[in-house]
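A structural walkthrough
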Amino acid sequence: MGFTVYDTADLPPEHRFEWWRETVSQGAGPTSITSDHPAGFTGSMGVLSLGIAQIATMSFPTMRSERTPRLIRRSDPETYELTLVLDGSMGVSQARREALLVPGHFNLWSSSRPYSSLGTGGPGAEPSRAVVLHLPRALVPLPEAKVDRLLARALPSATGVGAVFARHLGSVVEEAATFTEGDGQRLGVLTWDLATAFLAHHLDASDRLPPHTRHQLLLTRLDLFIDANLADPYLSPPVIAARHHISVRLLHRLFAGRRETVAESIRRRRLERCSADLVNPVFSALPVHAVARRWGFTDAAGFSRAFRTAYGVTPREHRLAPETARACLA
């Protein structure tokens, strides 16, 4: 499916700024946008629909945006816009609060309240870049009065739930071109779950989340932990459960809705890393058993059997004939 990309470079210079204003207004509701340099304005936007959620990537020069009471009365999509700043900085104002956002900050704003922002580029007049998640307000299972306390605040993404959520958005943006329609629907639910968990965390309202959302957030944290520790040969269900302060029984229950067990998931991910390394020129001088050891396999014979079972070729055949091996994996 991938992103639908809009870019001012595809238009004559005299029409670019007006087109940008109209395009933004179609997504977030009527918005007044001004720029000190409207002539030759350069901006781009990618839009990805994920069912109940929609993600937009934006790149733009210094500009001011404003949602006034008059514009809200004209049209209100009744959404929350959750923005992650990637480059540049952004000053925002809503609900009698102001915040200065820098790369790594999330910001929440509501389409139903007056709002203003000033986005400025990074060093060397580089454009601002951001990822924006559009969430229908009616679908957020938290009291609106509480959620509105987060408007115009700098919400960090360096650690904890914020880091999990930011990495998820980054992965979705990076892999969007490979998604099927079904993938998009499922990822929309997952994205919505993580966004809700992120907001609940900052409201100290996690106990109000539906059980499904709490479980989905925990599963995402487990996946990130597994991926980060594949090189550890002692990675196992008891280790994973202990690190997350849950029982092994609950860990297996969380994975029960998937097509593979915890151990199978670890083995598959390790094999995928080995497969990539074996055909990577950077590791061409590394023996096969050393590649396996890099990803937690301590038994060379056992690794070779597992690889052949999974891919139909031995690790050595995969390395010596990568094109044929890749065809087998397709």
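Right above here is the structure, for reference.
In this report, we go over the structure that sits alongside the text.

Each value, and the rule that gives it
- Every chain begins its residue count from 1, and numbering advances along the sequence as written.
- Note on the predicted model: pLDDT of at least 70 is required for a residue's local features to be given, and 80 or more for side-chain atom pairs to be given and counted; whole-chain, interface and lining totals, by contrast, use all residues.
- Working from all heavy atoms in the structure, the side-chain values ignore hydrogens and water.
- Each residue gets one of three labels from its accessible area relative to the maximum for its type: buried under 20%, exposed over 50%, partly exposed in between, using a 1.4 Å probe on protein chains only.
- Strands here mean DSSP runs of E at least two residues long; helices mean DSSP runs of H or I at least four residues long; both are numbered from the N terminus.
- At least two DSSP bridges between two strands are needed for those strands to be called paired.
- Whenever a nitrogen or oxygen atom comes within 3.5 Å of another N or O atom, the pair is scored as a polar contact, on the condition that within protein one atom can donate a hydrogen and the other can accept it, and that pairs from neighbouring residues in sequence are kept only if both atoms are in side chains.
- Each patch is built from residues lacking any salt bridge and having more than 30% relative accessible area; the joining distance is 9 Å for like charges and 5 Å for nonpolar side chains (Val, Leu, Ile, Met, Phe, Trp, Tyr).
- Areas reported here follow the Shrake-Rupley algorithm with a probe of radius 1.4 Å; residue values treat only the protein chains shown as occluding.
- Just to be clear on terms, a salt bridge is a Lys or Arg side-chain nitrogen sitting within 4 Å of an Asp or Glu carboxyl oxygen.

The subject of this paragraph is the pairing of strand β10 (residues 115–120). Here β10 shows a buried face lined by Y115, S117 and G119 and an unburied face lined by S116, L118 and T120. The pairing of strand β5 (residues 63–67) with β10 spans five bridges and is classified as antiparallel. Opposite S65, over in β10, you have S117 as the bridge partner. Relative to β10, strand β7 (residues 89–94) runs antiparallel, the two sharing six bridges. Looking at β10, one finds that S93 is bridged to S116.

Now for the side chain of R67. Relative to the assigned elements, R67 resides in strand β5. On the basis of relative accessible area, R67 is assigned to the buried category, the value being 1%. Of note is the side chain of R67, whose polar atom sits 2.9 Å from the backbone oxygen of P30. Here S111 takes part through its backbone oxygen, which lies 2.5 Å from a polar atom of the side chain of R67.

Looking now at a nonpolar patch on the surface. A surface patch of nonpolar side chains, about 210 Å² in accessible area, is lined by I52, L139 and V189. By secondary structure assignment, the location of L139 is in the loop between β11 (128–136) and α3 (144–147).

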